[in-house]
Amino acid sequence: MKRMGYIAAALMAAVIFSGCSTTAQAETSAASAVPEAQNRLEAIRERGYMEVVMEPYLAPFEFIDPSKKGDEMYVGADVELAKYIAEELGVECRIIPLDFATVLSSITEGKYDMAISGLAYTPARAEAMEMSDGYFYNSEKTLYGIMLRDGLLEEIKSTEDMKDYTVVVQSGSIQEIFAAELPEGCAELKRVSATTDGYLMVQEGKVDICITAIKPAELYIKANPECGMSISPYISFEVDEELEGTRICMEKGETELLSAVNDIIDEVIETGIYEEWYEEYSELAASLGV
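What you are looking at is a predicted structure, and each value in this text was computed from that prediction instead of being measured. (Residues numbered from 1 in each chain as written. Predicted model: local features only at pLDDT ≥ 70, side-chain atom pairs only at ≥ 80, totals over all residues. Heavy atoms only, no water.)

Draft legend 1. Fine view of the sheet that holds strand β10 (residues 209-213). Strands sit in the order β9-β8-β10-β7-β11 across an open sheet of 5 strands; the sheet is mixed. The outermost strands of the open sheet, each flanked by one partner alone, are β9 (188-192) and β11 (229-237). Within the sheet, the average angular offset between the axes of one strand and its neighbour, ignoring direction, is 30 degrees. As judged from the 5 bridges shared by strand β7 (residues 144-149) and β10, these two strands associate in the antiparallel manner. Its bridge partner lying in β10, isoleucine 146 is registered against isoleucine 211. This element, helix α8 (residues 195-203), spans β7, β8 (166-170), β9, β10 and β11 of the sheet and lies at about 150 degrees to β10. In the packing of helix α9 (residues 214-223) onto the sheet, contacts are made with β7, β10 and β11, and the angle to β11 comes to roughly 165 degrees. (Pairing = 2+ DSSP bridges. Helix = DSSP H or I, 4+ residues; strand = E, 2+ residues; numbered from the N terminus. Axes fitted to C-alpha atoms, helices over the stretch in contact; angles between N-to-C directions. Contact = heavy atoms within 4.5 Å.)

Structure, rendered in structure tokens:
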């Protein structure tokens, strides 16, 4: 198993900055609409709602249920967490769907209150914004790998073998860092706004390999058994233990909001409720084929 280290902070910073209603995206957010508030936590409570950004294409964390309409179409373990935090703060939760490349930049720019979007820790993200304690820790040690067409499984058995193939990653993700660290590079690196777009590109033969988080890839294959793709048993990527855990991001300096969110995360971990949401929405995602 190939263990990949993090590249220079400058590259990671670039990853961060590359990258709920349509109307809400086009207008100035109300997140800063209470100038007399001393901090964002006070502003949230005064206005009576909080705005949470996410990219709704990462089941079972956040995805779209096509049988529902309006804000109710956004479902997933992270959506439940967002609603739970809002309830604990005594306010309404408003989900703002954005492409992943914009999710984190909108937080660093202070446009919205927080990002809850299956986000992993990186040192550069922690430098640019507040990151909560981890609220979900996968029991699997290896969290990232590659998805490829079945016919390529025996041709690509190491990261060095990837040098002759086209690779796709989600823009602004940790996977983009892994791609940049490939020892021999790759024939061509393409970027997409949603990982599921990368899966489709592999399936349609437009690229050869998608570097991906393993759990969502497993769900996709389970929901689409005729897709002709597999997760490689030969290639995987790991992150350092201290960097594990899915986090919530907030604007830098909003320590009051961070403290309140961490207190709620403690409750979520103690009760085990997030794991229940994760299992519930894993089953729903499989039934929907996403």
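Draft legend 2. Layout of the nonpolar core. Core analysis: the largest hydrophobic core is formed by 39 residues, its most contacted members being Met50, Leu81, Ile85, Met114, Ile116, Ile248 and Tyr274. Of all the elements in the fold, those that place two or more residues in this core are α3 (40-47), β1 (49-54), β3 (74-75), α4 (77-89), β5 (114-120), β12 (246-251), α10 (255-271) and α11 (273-288). In terms of residue count, α4 provides more of this core than any other element does, 8 residues in total. In this structure, leucine 81 is in contact with Ile116, Tyr135, Ile248, Val268, Tyr274 and Trp277, ignoring residues within four places of it in sequence. Counting 21 residues, the second largest nonpolar core, distinct from the first, contains Tyr144, Ile211, Ala213 and Phe237. (Core = buried A, V, L, I, M, F, W, Y, C linked by side-chain atoms within 4.5 Å. Buried < 20%, exposed > 50% of the residue type's maximum accessible area, 1.4 Å probe, protein only.)

Draft legend 3. Representation of a negative patch on the surface within the structure. On the surface, Glu87, Glu88, Asp133, Asp263, Asp266, Glu267 and Glu270 cluster together into a negatively charged patch. Element by element, the count of residues in the negative patch is highest for α10, at 4 residues. In this fold, glutamate 88 is placed in helix α4. What makes glutamate 88 partly exposed here is its relative accessible area of 38%. (Patch = residues over 30% accessible without salt bridge, like charges linked within 9 Å, V, L, I, M, F, W, Y side chains within 5 Å. Areas by Shrake-Rupley, 256 points an atom, 1.4 Å probe, with all protein chains shown as cover. Salt bridge = Lys/Arg side-chain N within 4 Å of Asp/Glu carboxyl O. Lys, Arg positive; Asp, Glu negative; His and termini not counted. Charge placed at Lys NZ, Arg CZ, Asp CG, Glu CD.)

Draft legend 4. Spatial organisation of the packing of α3 against α10. Orientation of α3 relative to α10, taken along the N-to-C sense of each, is 75 degrees, at an axis distance of 6 Å. Classed by the angle they form, the pair α3 and α10 counts as roughly perpendicular. Contacts between α3 and α10 pair Arg40, Leu41 and Ile44 from the former with Glu256, Leu257 and Ala260 from the latter. Of the residues contributing to the contact of α3 with α10, the split by class is 4 nonpolar, no polar and 2 charged. (Parallel < 35°, antiparallel > 145°, perpendicular 65-115°, else oblique. Nonpolar A, V, L, I, M, F, W, Y, C, P; charged D, E, K, R; others polar.)

Draft legend 5. The packing of aromatic side chains, seen in detail. Scanning the model with the defined rule gives 11 aromatic pairs in all. Centroid distance tyrosine 135 to tyrosine 274: 4.9 Å. Interplanar angle 65 degrees. Geometry classified as edge-to-face. Separated by 139 residues along the polypeptide, tyrosine 135 in the loop between β6 (129-131) and β7 and tyrosine 274 in helix α11 bring together distant segments of the chain. Residue tyrosine 135 is classed as buried on the basis of its relative accessible area of 2%. Residue class for tyrosine 274 comes out buried when judged on its relative accessible area of 0%. Arranged with centres 6.1 Å apart and planes meeting at 75 degrees, the rings of tyrosine 274 and tryptophan 277 form a pair that is edge-to-face. Remark: tryptophan 277 and tyrosine 274 occur in helix α11; sequence separation between them is 3 residues, near one turn of the helix. (Phe/Tyr/Trp six-rings, centres within 6.5 Å; stacked < 30°, edge-to-face > 60°.)

Draft legend 6. Spatial organisation of the environment of glutamate 238. By secondary structure assignment, the location of glutamate 238 is in the loop between β11 and β12. On the accessibility criterion, glutamate 238 (7% relative accessible area) is buried.

Draft legend 7. Structural view of the sheet that holds β12. Across the sheet, 5 strands lie side by side as β4-β1-β5-β12-β6; this open sheet has mixed pairing. The open sheet has two free edges, formed respectively by β4 (92-97) and β6, since each of these has just one partner strand. Sheet twist, expressed as the mean angle between neighbouring strand axes with direction ignored, is 30 degrees. Here α3 sits on the sheet in contact with β1 and β12, set at roughly 115 degrees to β1.

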